[in-house]
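Below, each chain spelled out in residue letters.
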Amino acid sequence: MNELLNKSAEEKSLECFDNSEKQNYQLRLAYYKDNKYFYKGKFSFLTNGIGATRSFRAFINEFIKNYKPELISKDDDLWLSLKQNGEFIVTKGKNGKTAADLTQKDLFLYNLLCFINLVKFWDEFNEIRDINTEKTPLVIKIPHNCDFDLVCFINKIKEMNRMVIFE
């Protein structure tokens, strides 16, 4: 239980999915990678000093390098890709060009998948630091007009050994 109380502010911000544009899930890894520019010296504070370590820098570069595109929408052939700078983008086709004008549904799924990948990033990093890391349940706020299948997202979260609460 003590581990739960010692989570950094940045990690705590990723316990609940809020489909708000101000969360910038698609840019967070880019912010981590270039934190001196984006956080103006606050990143070390937000991560309890972890973000300033060499192991963190090495891990983020390795995470980005090893990332494989993930399917967002089979019907529209939309994929989540990760640029070398750490920015998540949507492409038409697995290795296609950047997709524009996403539907509300695709935008929601894009943001949710970015969020899940950020949680995965922190989980994997914390497993390197401490194999006894406690994982809190994730809270995911779903829009009332949810007309898509969440099974693949539930399975991704289960693979991460996380519980999920849909609100």
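Preceding this paragraph is the structure being described.
For every chain, the first residue of the written sequence is number 1, and numbering continues from 1 onward in sequence order. For this predicted model, a pLDDT threshold of at least 70 governs which residues receive local features, and a threshold of 80 or more governs which side-chain atom pairs are given and counted, while totals over whole chains, interfaces and linings are taken from all residues. The side-chain quantities take in all heavy atoms of the structure and omit both hydrogens and water.

### Some points on the overall build of the protein
Piece 1. Counting from the N terminus, the helices are DSSP H or I runs at least four residues long and the strands are E runs at least two residues long. Each helix and strand counted, the protein has eight helices and six strands in total.
Piece 2. Mapped in sequence order, the helices and strands of the protein form the string α-α-β-α-α-α-α-β-β-β-α-β-α-β.
Piece 3. Put simply, the radius of gyration uses C-alpha atoms, and a globule should come to 2.2 Å times the residue count raised to 0.38. In terms of overall size, the protein behaves like a compact globule, its C-alpha atoms giving a radius of gyration of 16 Å where 167 residues would be expected to give roughly 15 Å.
Piece 4. For the protein, the spread of C-alpha atoms along the principal axes amounts to about 40 × 30 × 25 Å.
Piece 5. Remark: exposure states derive from per-residue accessible area (1.4 Å probe, protein chains only) relative to the maximum for the residue type, with buried under 20%, exposed over 50%, and partly exposed in between. Split into buried and exposed, the 167 residues of the protein put 42% on the buried side.
Piece 6. Residue pairs at least 24 apart in sequence account for 62% of intrachain contacts in the protein once pairs closer than 6 positions are excluded.
Piece 7. Accessible area for the protein stands at about 9700 Å²; split by element, carbon and sulfur atoms hold 51% of it.
Piece 8. With 25 positive and 24 negative side-chain charges, the protein shows a separation of 6 Å between the mean positions of the two kinds. Whether two residues touch is decided by their heavy atoms; if any such pair falls within 4.5 Å, the residues are in contact. All accessibility values rest on the Shrake-Rupley procedure with a 1.4 Å probe; residue burial counts only the protein chains present in the view. Counting rule applied: Lys, Arg positive; Asp, Glu negative; His and chain ends not counted. Every charge is mapped onto a representative atom, which is NZ of Lys, CZ of Arg, CG of Asp or CD of Glu.

### Points about the environment of Thr53
Piece 1. One can find Thr53 in the loop between helix H5 (43–46) and helix H6 (54–66).
Piece 2. Any pair of N or O atoms that falls within 3.5 Å is considered a polar contact. Within protein, one atom must be able to donate a hydrogen and the other to accept it, and sequence-neighbouring residues count only if both atoms are side-chain atoms. A distance of 2.8 Å separates the side chain of Thr53 from the backbone oxygen of Ile50, its partner in a polar contact.
Piece 3. For Thr53, the side chain forms a polar contact with the side chain of Ser55, separated by 3.3 Å.

### Let's talk about the packing of helix H7 (residues 104–129) against helix H8 (residues 151–159)
Piece 1. Note on definitions: angles span 0 to 180 degrees between N-to-C directions of axes, and those axes are lines fitted to C-alpha atoms, for helices only across the stretch in contact. Where H7 contacts H8, the axes come no closer than 11 Å and their chain directions differ by 5°. Classed by the angle they form, the pair H7 and H8 counts as roughly parallel. Each of Leu109, Leu112, Leu113 and Ile116 in H7 lies in contact with H8, whose residues at this interface are Phe153, Lys156 and Ile157. Should an angle fall under 35 degrees it is called roughly parallel, over 145 degrees roughly antiparallel, and 65 to 115 degrees roughly perpendicular, with every other angle called oblique.

### A closer look at the sheet that holds strand E3 (residues 78–82)
Each strand in a sheet pairs with another by means of backbone hydrogen bonds, the pair being arranged parallel or else antiparallel.
Piece 1. The pairing criterion for strands is at least two bridges between them, as found by DSSP. Taken in spatial order, the three strands make up an open sheet running E2-E3-E4, and their pairing is antiparallel. If you trace the sheet from one side to the other, it starts and ends with strand E2 (70–73) and strand E4 (88–92), each paired once. Recorded for the sheet is a direction-independent mean angle of 40° between the axes of neighbouring strands.

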